[in-house]
Amino acid sequence: MDSTATDVAHDFHPWFRVYKDGHVERFLGSPCVPPSDDQQTLAVRSKDIAISTASARLFLPKTTAPNEKLPLLIYIHGGAFSIESAFSSTYHNYLSSLVEESNIIAVSIEYRLAPEHSIPACYDDCYAVMKWVAQHKDSADRPGLDPWLNEHADFGKVYLAGDSAGANLAHNMVVRAGGDGDGLKKISGLVLIHPYFGNEEPAKLWDFICSDSGGVNDPRLNPAAHPGLLSKLGCVKVLICTAGKDFLRDRGWSYYAALKESGWGGAVETVETEGEEHVFHLFKPTSDKAKAMMKLIASFINPTNAASL
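Throughout what follows, the structure given in this document is the object of discussion. (Residues numbered from 1 in each chain as written. Predicted model: local features only at pLDDT ≥ 70, side-chain atom pairs only at ≥ 80, totals over all residues. Heavy atoms only, no water.)

What follows covers the packing of aromatic side chains. This structure, assessed with the given rule, holds eleven aromatic pairs. On the basis of an interplanar angle of 80° and a centroid distance of 5.6 Å, the ring pair of Trp 253 and Tyr 256 is categorised as edge-to-face. With Trp 253 and Tyr 256 both in helix α7 (residues 249–261) and three residues apart, this pair spans about one turn of that helix. Through successive ring pairs, a cluster of aromatic residues spans Phe 81, Tyr 123, Tyr 196 and Trp 206. The ring of Trp 148 carries Lys 47 above its face, with NZ or CZ at 4.3 Å from the centroid. A cation over a ring is seen here: Arg 176 above Tyr 127, with NZ or CZ 4.8 Å from the ring centre. (Phe/Tyr/Trp six-rings, centres within 6.5 Å; stacked < 30°, edge-to-face > 60°. Helix = DSSP H or I, 4+ residues; strand = E, 2+ residues; numbered from the N terminus. Lys NZ or Arg CZ within 6 Å of the ring centre and 35° of its normal.)

Moving on to the pairing of strand β10 (residues 235–243). Working note: regular strand, side chains alternate between the two faces of the sheet. For β10, the tally of buried residues reaches seven of nine residues, placing the bulk of the element in the interior. When β10 meets strand β11 (residues 267–273), the two strands line up parallel, connected through seven bridges. Residue pairing for β11: Cys 241 is matched across the bridge by Val 271. You can see the chain leave β10, run along α7 and come back into β11, and the turn it takes is right-handed. (Buried < 20%, exposed > 50% of the residue type's maximum accessible area, 1.4 Å probe, protein only. Pairing = 2+ DSSP bridges. Right-handed = clockwise from strand over helix to strand, strands pointing away.)

This paragraph deals with the sheet that holds strand β1 (residues 8–12). Judged by pairing direction, the sheet is antiparallel, and its three strands sit side by side in the order β1-β2-β3 without closing on themselves. The sheet is open, and its two borders are formed by β1 and β3 (24–26), each paired with just one other strand. Ignoring which end each strand starts from, the neighbouring axes of this sheet average 15° apart. Summarising the sheet, strand β2 (residues 16–19) and β3 pair through three bridges and their orientation is antiparallel. Pairing of Val 18 across the sheet is with Val 24, part of β3. (Axes fitted to C-alpha atoms, helices over the stretch in contact; angles between N-to-C directions.)

Quick look at the layout of surface pockets now. Taken as a whole, the largest pocket holds about 690 Å³ of empty space. Residue lining of the largest pocket: 31 residues in total, with Trp 15, Ala 80, Ser 164, Phe 247 and His 278 positioned closest to the centre. For the lining of the largest pocket, the elements supplying multiple residues, two or more each, are α1 (89–102), α5 (204–209) and α8 (280–283). Its residues placed into classes, the lining of the largest pocket shows 17 nonpolar, nine polar and five charged. One number sums up the size of the second largest pocket: a volume of about 260 Å³. As for the second largest pocket, its lining consists of 13 residues, and the residues nearest its centre are Asn 93, Tyr 94, Ser 97, Pro 285 and Met 294. For the lining of the second largest pocket, the residue count by class is six nonpolar, four polar and three charged. (1 Å grid on protein atoms, 1.4 Å probe; cavity = no way out; pocket = protein on both sides within 12 Å on 5 of 7 lines; lining within 4 Å. Points joined across faces, edges and corners; volume = space filled by probe spheres on them. Nonpolar A, V, L, I, M, F, W, Y, C, P; charged D, E, K, R; others polar.)

Below, the discussion takes up the pairing of strand β9 (residues 187–193). Of all seven residues that make up β9, seven are buried, and the element is covered over most of its length. Examined bridge by bridge, strand β8 (residues 153–163) and β9 share five bridges and lie parallel to one another. Following the sheet pairing, Leu 160 is matched in β9 by Leu 190. Note that β9 and β10 share six bridges and pair parallel. Pairing of Ile 187 across the sheet is with Cys 235, part of β10.

What follows deals with the nonpolar core. Among the nonpolar cores identified, the biggest contains 68 residues, and Phe 81, Val 133, Leu 190 and Val 238 are the most heavily contacted of them. Take this core: its biggest share by element is nine residues, from helix α2 (residues 121–134). Every residue in contact with Val 133, bar those within four places of it in the chain, is listed here: Leu 72, Ile 74, Val 107, Leu 149, Phe 155 and Leu 184. Formed by 27 residues, the second largest nonpolar core is a distinct cluster that contains Tyr 91, Leu 95, Ala 106 and Cys 241. (Core = buried A, V, L, I, M, F, W, Y, C linked by side-chain atoms within 4.5 Å. Contact = heavy atoms within 4.5 Å.)

Let us now look at the packing of α1 against helix α9 (residues 288–301). Two numbers describe how α1 lies on α9: the axes approach to 9 Å, and their chain directions differ by 55°. As far as their axial angle goes, α9 and α1 are oblique. Taken as a pair, α1 and α9 cross one another with a handedness that is right-handed. Between α1, through Tyr 94, Ser 97, Leu 98, Glu 101 and Ser 102, and α9, the contact on the second element is made entirely by Met 294, Lys 295, Ile 297 and Ala 298. (Parallel < 35°, antiparallel > 145°, perpendicular 65-115°, else oblique. Left-handed = near helix turned anticlockwise from the far one by under 90°.)

Any functional reading would require information beyond the geometric quantities listed.
Okay, structure coming up:
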């Protein structure tokens, strides 16, 4: 569709533009790829599940025992709440590699994107998937639920992770889990990769895509401003990954400091990759630093597997 600068109503390049006629143009993101469940040739199998207004891609490594229990990772992709997909080649390949490296089962959440679906839609979608996953924890073969989770997920070892905006979503899901009596209340750990959080500066993108914004100190955007909520974080350990040249680097370190000072009783660690930019590991997955970061995350989620390698 031909458009000119005068047709633009809202410009949030490099993520998206909204035109006066309502259509949205996105500038970043990789093409989507289908799942694959070829058990004979693949080290990691995958399939898609529809869940309310959301959906998810499940990943399962080849296992030697039919009922082998594996740590469960719930992963939330990044992209400024407005681009990318759990089904994109970028995230499909990353989750496949992480699952193989860690020997875990993973659920990668596909949520509705802004600006067509304003916040809190993405939070609600992620929580819907969390609740769906939680339904499996007390039943080995409940009808209508997924056999991979029923047979292979160890619900005593549940982790959440995400990058950039996905890290923000993952943090907020663990906050909800801490106060949820019937969901995934017991979360073992949280991995925040180059997290997107706010600070005291105006957040124009957030204000545009968030229909119920509480401003710069909205607890979803700026958790460091709410130590009372941080102190109730519903997990026992947190790993924060930062990058030396990341424009969001300081936000990750601020979160680390606020969590340490909040009175939360868990263990938190920040590991910085020097000389790299935001989500470098997705753009340079075969680099030595990306491989090192994957091994770090894998050992955090499944230390038993890491020790056996």
